[in-house]
Amino acid sequence: MTSAKLWGGRFTGATDPLMDAFNASIHFDKRLFEADVLGSQAYAKALARIGIITSQEQDLLVNGLETVLNEWQTNIFVIQPGDEDIHTANERRLGELVGNVAGKLHTGRSRNDQVATDFRIWARDESKKLLIYVKQLISATVERAEKEIDVIMPGYTHLQRAQPIRWSHWLLCYAWSWQADAQRLEEIIDRMNVLPLGSGALAGNPFNIDRELLAKELGFKNVIQNSLYGVSDRDFVAELLFWASLTMIHISRFSEDLIIYSSGEFGFVTLSDAYSTGSSLMPQKKNPDSCELLRGKSGRVFGQMSGFFMTYKGIPSTYNKDLQEDKEPLFDAVDTLAGSLQITTGVLSTLTIHPENMKKSLSIDMLATDVAEYLVRKGVPFRETHHIAGAAVRTAEEHGCTMDKLELSDFQQLHPAFSQDITEIWNFEKSIENRSSLGGTSRATVLEQIHKLKEWLNIN
Ligand code: ARG
């Protein structure tokens, strides 16, 4: 029935039922129910302020909207066939509750500035929850790094054993990525927190509505300064989807490391039973499904981002219905991040480490750089020492032994600067402690990182 539609005035024919279903967004945008009610309550107050409605009418609307909110919260709101989206559904229900005065609520407002407002409120509030999850993840990482600072392991480049590092140093690498994610999210929240309401359909509000008041009521830090921008901008959706994608990439790389480290070949870590599953066929298997799902879901979130970017790129100025396609990608990305961040925290804080296996994987050739540095300390230019250390590795290979088993004379044949103290090089712990410049893997510099992250997290 076209006449039942809020925008039905100029239409004579009925909408194809398929088109009705195609056009409707209520089945997903009902998630915005609370933001929509809050936006409308603020708008009712602003209308009363400029005398479009009386203060009794304001109370009627605000209280009626409170009932609508309550119905959603208690799961008794009944969606009717004509309810195209959350905005029309709430207004229809308000009319049933308070009568004709409900028809005054939309004065000077359009669903265009309404939906932009609702979605910003929702995205802002959900982002704040995600920020808490990111901080919990960082704090779990820092806690573990502090407790296990003595554990040493091979560090890798190209997935080849490179140099010995502290396990905590590896953990904190991710903590720093996540800290950057948290800081980015704070900036995105700040940037999105501006008010579109009062932009009207596109050209602005004709009743001199007090937009500063609306912003204050709804917790926005500022008012959007151009009504066309107000109804058409969805950069906050784009930014959040990018943020979600990048954060998932960090989670995915962390997961990939754990999948490798938990394999039988490495045996560095064992995931707790709470985050692993067995095989239906092979009784011995314990699979790192949590990490594989985290890695897999990073692809899903990136897909939501790329899908939305494609929708967003060709839209002519101001509101076009394409913009309705902004919600499902962000809903899905936010849900995926909320789950992934909490699961990552769980995986990280419950896994068991096997320091003896990490130690066993350290090999003397990983100290070749230390041999080169030894000669540097004796005044030999690094480019030469790099060569000489390489030759020492080769000599050991030729002798079928490790470098630490070579004679002093073998070394001295490579360069006269070698002396008896070369034997002190064959110590992984010492190699680690040598990397004590800011950001290195020595105990002091790892503790420094822990201190800085704790300070940022506000933990003492
Ligand atoms: N459901 C719509 C959306 O999500 C609300 C805005 C509709 N505006 C319009 N002019 N048809 O974008």
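Residues numbered from 1 in each chain as written. Predicted model: local features only at pLDDT ≥ 70, side-chain atom pairs only at ≥ 80, totals over all residues. Heavy atoms only, no water.

The secondary structure content of the protein chain amounts to 18 helices and 6 strands. The C-alpha atoms of the protein chain give 31 Å as radius of gyration, which overshoots the globular expectation for 460 residues (23 Å, by more than 25%). With the C-alpha coordinates of the protein chain rotated into their principal frame, the extents come out at 100 × 55 × 45 Å. A total of 460 residues make up the protein chain; the buried ones form 51% of that total. Across the protein chain, contacts joining residues at least 24 apart in sequence account for 74% of those joining residues at least 6 apart. Carbon and sulfur atoms form 53% of the exposed surface of the protein chain, whose accessible area is close to 22200 Å². Taking the average place of the 47 positive charges on the side chains of the protein chain and the average place of its 60 negative ones, the gap between the two points comes to 1 Å. (Helix = DSSP H or I, 4+ residues; strand = E, 2+ residues; numbered from the N terminus. Rg over C-alpha atoms; globule rule 2.2 N^0.38 Å. Buried < 20%, exposed > 50% of the residue type's maximum accessible area, 1.4 Å probe, protein only. Contact = heavy atoms within 4.5 Å. Areas by Shrake-Rupley, 256 points an atom, 1.4 Å probe, with all protein chains shown as cover. Lys, Arg positive; Asp, Glu negative; His and termini not counted. Charge placed at Lys NZ, Arg CZ, Asp CG, Glu CD.)

Moving on, we come to the site of the ligand. Neighbouring residues of the ligand: S25, D29, D85, H87, R111, N112, V115, Y319, Q324 and K327. At 2.4 Å, a side-chain N or O of Y319 approaches an oxygen atom of the ligand. About the coverage of the ligand: the protein hides 86% of its 340 Å² of free accessible area. A per-element tally of the shell around the ligand places helix α6 (residues 111-147) first, with 3 residues. (Near = heavy atom within 4 Å. Polar contact = N/O pair within 3.5 Å; in protein donor to acceptor, adjacent residues only side chain to side chain.)

Below, the discussion takes up the UniProt feature "domain: Argininosuccinate lyase C-terminal" (unreviewed entry) in the protein chain. Within this numbering scheme, the UniProt entry marks residues 366-433 as carrying the feature "domain: Argininosuccinate lyase C-terminal" (unreviewed entry). In residues 366-433, helix accounts for 60% and strand for 0%; the two terminal C-alpha atoms are 15 Å from one another. (UniProt positions renumbered as here; feature names shortened; annotations may be inferred.)

Before going further, it helps to spend a moment on the environment of S361. Of note, S361 is situated in the loop between α13 (355-360) and α14 (368-377). Looking at S361, the relative accessible area reads 16%, which means it is buried. For the pair formed by S361 and G267, sequence separation is 94 residues and the distance between their alpha carbons is 9.7 Å. Apart from the residues lying within four places of it in its own chain, the contact partners of S361 are P154, R161, F268 and M366.

With that settled, the discussion passes to helix α12 (residues 327-350). Helix length check: α12, at 24 residues, gives a terminal C-alpha distance of 35 Å against a target of 34 Å (1.5 Å per residue), a fit within 8%. With 17 of its 24 residues buried, α12 lies for the most part within the structure. (Expected span 1.5 Å × (residues − 1).)

Before going further, it helps to examine the packing of aromatic side chains. Within this structure, the stated rule accounts for 22 aromatic pairs. Between F33 and W72, the aromatic rings sit 5.5 Å apart at their centres with planes inclined by 15°, giving stacked as the arrangement. With a gap of 39 residues between them, F33 in helix α3 (residues 33-49) and W72 in helix α4 (residues 55-73) connect regions that are remote in the sequence. For the pair F33 and W72, a shared accessibility class is recorded, and that class is buried. On the numbers, 5.8 Å between centres and 70° between planes, the contact of F119 with F236 is edge-to-face. (Phe/Tyr/Trp six-rings, centres within 6.5 Å; stacked < 30°, edge-to-face > 60°.)

Core analysis: the largest hydrophobic core is formed by 102 residues, its most contacted members being W167, W170, W178, W243 and L330. The dominant element in this core, judged by the number of residues it contributes, is helix α10 (residues 235-261), at 14 residues. The contact partners of W178, leaving out residues within four places of it in the chain, are V134, L137, I138, T141, T247, H250, I251, F254, T344 and L348. Of all hydrophobic cores here, the second largest spans 24 residues; its members include L367, I388, I422 and F428. (Core = buried A, V, L, I, M, F, W, Y, C linked by side-chain atoms within 4.5 Å.)

UniProt's entry tags residues 9-303 with the feature "domain: Fumarate lyase N-terminal" (unreviewed entry), counted in the numbering of this structure. Helix makes up 60% of residues 9-303 and strand makes up 6%, while its end C-alpha atoms are separated by 39 Å.

So, on to the side chain of D118. Summarising the element assignment, D118 is placed in helix α6. Notably, D118 is buried but unbridged: the nearest opposite-charge side chain belongs to R109, and the N-O separation is 6.2 Å. The residues contacting D118, other than those within four sequence positions of it, are L32, A35, D36 and H87. (Salt bridge = Lys/Arg side-chain N within 4 Å of Asp/Glu carboxyl O.)

All right, on to the pattern of salt bridges then. Once the charged atoms of two side chains with opposite charge are near each other, the side chains can pair. The tally for this structure, following the rule as stated, stands at 33 salt bridges. Between R111 and E84 there is a salt bridge, with its nearest N and O atoms 3.1 Å apart. You can see R111 sitting in helix α6 and its partner E84 sitting in the loop between α4 and α5 (86-98), a full 27 residues away along the chain. Accessibility expressed as a relative area gives 8% for E84, which makes it buried. Between R295 and E256 there is a salt bridge whose closest N-O contact spans 2.5 Å. Placement of the pair is R295 in helix α11 (residues 289-313) and E256 in helix α10, with a sequence separation of 39 residues. The exposure class assigned to R295 is partly exposed, which follows from its relative accessible area of 35%. Each of E71, D83, R92, R93 and E96 takes part in a single network of salt bridges with overlapping partners.

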